[in-house]
Amino acid sequence: MPLVQISVAEGRDPETLRACLQAVHNAVRESLGVRDESIRVLLTEVSPSLWSSGGVTLAER
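This structure is a prediction, so every number in the text was calculated from the model and none was measured.

*Asks:* Explanation requested: the nonpolar core in the structure shown.
*Replies:* Among soluble globular proteins, nonpolar side chains are generally buried collectively. The biggest cluster of nonpolar side chains holds seven residues, and these are Ile6, Val8, Leu17, Val24, Val28, Ile39 and Leu43. Mapped onto this core, the elements with two or more residues apiece are strand 1 (3-9) and helix 1 (14-32). The leading source of residues in this core is helix 1, at three residues. Beyond its immediate stretch of four places on either side in the chain, isoleucine 6 contacts Cys20, Val24, Val41, Leu42, Leu43 and Thr44.

Structure below.
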């Protein structure tokens, strides 16, 4: 059972997030040849104030 975990900064609209989930699901199905029912995709939205790179949060950029 493949499990894909994705973290993104908050702020995208629901349609964009749904499209991402579907695209990842399709990529896993096509690349691994597994049944739709066995694929799990978990998308977590993170507050920009809790995500940093190079010591600076996304909110501070």
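*Asks:* Would you explain the pattern of salt bridges in this entry?
*Replies:* Opposite charge on two side chains permits pairing when their charged atoms draw close. Throughout the structure, instances matching the rule amount to three salt bridges. Measuring nitrogen to oxygen at the nearest pair gives 3.9 Å for the salt bridge that ties glutamate 30 to arginine 29. Between glutamate 37 and arginine 35 there is a salt bridge; the shortest N-O distance is 3.4 Å. In this structure, glutamate 37 and arginine 35 share a single accessibility class: exposed.

*Asks:* Looking at this structure, I do not really get the environment of alanine 9. What am I missing?
*Replies:* One can find alanine 9 in strand 1. Here alanine 9 falls in the buried class, since its relative accessible area comes to 18%. Each C-alpha atom of the pair alanine 9 and valine 41 lies 17 Å from the other, and the pair is 32 residues apart in sequence. Residues in contact with alanine 9, not counting those within four places in the same chain, are Val46, Trp51 and Leu58.

*Asks:* Mind showing me how you'd approach the UniProt feature "domain: 4-oxalocrotonate tautomerase-like" (unreviewed entry) in the protein here?
*Replies:* According to UniProt, the feature "domain: 4-oxalocrotonate tautomerase-like" (unreviewed entry) maps to residues 2-60 in the numbering used here. Measuring from the first to the last C-alpha atom of residues 2-60 gives 35 Å, for a span that is 32% helix and 31% strand.

*Asks:* Looking at this structure, how should I read the environment of proline 48?
*Replies:* Structurally, the position occupied by proline 48 is in the loop between strand 2 (40-46) and strand 3 (52-53). Taking relative accessible area as the criterion, proline 48 reaches 24% and is therefore assigned partly exposed. With 17 residues separating them along the chain, proline 48 and serine 31 place their C-alpha atoms 32 Å apart. Proline 48 has contacts with Glu10, Thr57, Leu58 and Ala59, leaving out every residue within four places of it along the chain.

Calculation rules
Residues numbered from 1 in each chain as written. Predicted model: local features only at pLDDT ≥ 70, side-chain atom pairs only at ≥ 80, totals over all residues. Heavy atoms only, no water. Core = buried A, V, L, I, M, F, W, Y, C linked by side-chain atoms within 4.5 Å. Buried < 20%, exposed > 50% of the residue type's maximum accessible area, 1.4 Å probe, protein only. Helix = DSSP H or I, 4+ residues; strand = E, 2+ residues; numbered from the N terminus. Contact = heavy atoms within 4.5 Å. Salt bridge = Lys/Arg side-chain N within 4 Å of Asp/Glu carboxyl O. UniProt positions renumbered as here; feature names shortened; annotations may be inferred.

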